[in-house]
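Residue-level structural notes
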Amino acid sequence: MRHPIILVLLAGCSFALAGCMGRDKAEVDKALDSVNAVDATNLSDIMLTVGDPREAVAYFTRATNEHPERIDLQRGLGKSMVRAGQAEAAIGVWTRVIAMPEGGNDDKVALADAQIRAGKWEAAKATLNTIPPTHETFERYKLEAMVADSEKNWKKADSFYETAAGLTTRPSGVLNNWGFSKLTRGDAKGAETLFSEALSYDSTSFTTKNNLVMARAAQHKYDLPVVDMTQTERAKLLYTAALSAIKQGDVTIGKGLLQDAVDTSPVYFEEAARALEALDAGGKRG
């Protein structure tokens with residue numbers, strides 16, 4: 001189904017062409033170019049926001065083939081490739097963008113992002129090192145924190161995470177990443193604090209809720225935190241707590257949590273039911 005904004009743009013083109021009647025060819029061509037430029041700009045914005053990522057890649061691929069000198073289209077191609085999960089291909093596009101006269105530090109940040117997504121951590125670090133320290137943006141410091149994390153440079157990672165969180169009004173994602181970093185290095189209490197803070201900015205993130213349950217379970221706190229959750233989410237979080245309990249040797253508690261997950265789920269919870277049956281079978285054999 002066509003997007004209504006595109007239909008409005010097409011209608012606008014028709015009216016503009018009607019107004020060109022009676023003018024000479026040069027004026028008509030000039031008017032057409034003006035209308036097409038506005039149409040292309042709006043369509044590019046649409047493709048980058050609400051368009052299907054694969055359709056966006058196809059659109060920007062055609063557009064850059066026709067106008068390879070336009071950096072806005074090259075950037076659109078790089079962004080849409082990342083959205084479509086084509087990080088390797090996006091690296092080539094952002095490298096090309098940086099080499100263009102209008103290329104800047106934000107483009108280098110975008111290249112580093114694509115490199116991280118493609119698992120090229122050393123390349124991402126090298127790219128970030130080419131950006132002057134005066135370029136202080138949320139995206140830059142978020143990536144710096146991730147690179148420091150990958151090197152287990154916890155002090156530097158914490159500093160970058162803190163800086164990144166202070167540079168945005170929507171820090172839930174970076175706080176969640178910071179919390180997961182704390183959890184992987186064994187600081188479950190610090191992770192719990194960060195996950196809770198992340199949920200105060202975005203109470204809808206199930207990933208953060210699940211991470212919070214894992215952080216609490218790592219401290220042998222298996223009761224669910226007081227956060228907004230649907231019945232389905234509650235069942236899944238009970239399942240996470242159950243697996244964590246069993247892994248830590250609290251099998252009886254884990255078994256009870258599995259039963260709660262099965263009873264709570266509004267639909268048949270196959271994974272929890274299977275785990276419960278396996279525990280029962282193991283107990284009978286023992």
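Residues numbered from 1 in each chain as written. Predicted model: local features only at pLDDT ≥ 70, side-chain atom pairs only at ≥ 80, totals over all residues. Heavy atoms only, no water.

In the nomenclature of an unreviewed UniProt entry, the protein corresponds to Tetratricopeptide repeat protein from the organism Rhodobacter capsulatus.

**Points about the overall build of the protein**
When you go through the protein residue by residue, the secondary structure sums to 15 helices and zero strands. Classification of the 286 residues of the protein by burial places 41% in the buried group. In the protein, once contacts between residues fewer than 6 apart in sequence are set aside, the share between residues at least 24 apart is 46%. Surface exposure of the protein reaches about 16,000 Å², of which carbon and sulfur atoms provide 55%. (Helix = DSSP H or I, 4+ residues; strand = E, 2+ residues; numbered from the N terminus. Buried < 20%, exposed > 50% of the residue type's maximum accessible area, 1.4 Å probe, protein only. Contact = heavy atoms within 4.5 Å. Areas by Shrake-Rupley, 256 points an atom, 1.4 Å probe, with all protein chains shown as cover.)

**Some thoughts on helix α8 (residues 138-150)**
Across its 13 residues, α8 extends 19 Å between first and last C-alpha, which sits within 8% of the 18 Å expected from 1.5 Å per residue. Across the 13 residues of α8, 10 count as buried, placing the element largely inside the fold. Where α8 is concerned, the buried positions are Phe138, Arg140, Tyr141, Lys142, Leu143, Glu144, Ala145, Val147, Ala148 and Asp149. On its buried side, α8 packs onto α6 (105-117), α7 (121-129), α9 (154-165) and α10 (172-184). The positive-phi residue at the C-terminal boundary of α8 is Lys152, with phi of around 60°. (Expected span 1.5 Å × (residues − 1).)

**Concerning the environment of Thr95**
Residue placement: Thr95 occurs in helix α5 (residues 87-99). Thr95 sits 12 residues away from Asp107 along the chain, and the two C-alpha atoms are 8.6 Å apart.

**Looking at the side chain of Thr64**
One can find Thr64 in helix α3 (residues 53-66). Here Thr64 falls in the buried class, since its relative accessible area comes to 6%. Ignoring anything within four residues of it in the chain, the contact list for Thr64 reads Leu73, Gln74 and Leu77.

**Considering the packing of aromatic side chains**
Counting across every chain of the model gives four aromatic pairs. Both rings, one in Tyr161 and one in Trp178, keep their centres 5.9 Å apart while their planes meet at 15°; by these two values the pair is stacked. Of this pair, Tyr161 sits in helix α9 while Trp178 sits in helix α10, placing them 17 residues apart in sequence. Accessibility classification places Tyr161 together with Trp178 in one group, the buried group. We note Arg140 situated over the ring of Tyr141; from NZ or CZ to the ring centre the distance is 5.7 Å. One Lys or Arg, Lys236, reaches over the ring of Phe206 and ends 5.9 Å from the middle of that ring. (Phe/Tyr/Trp six-rings, centres within 6.5 Å; stacked < 30°, edge-to-face > 60°. Lys NZ or Arg CZ within 6 Å of the ring centre and 35° of its normal.)

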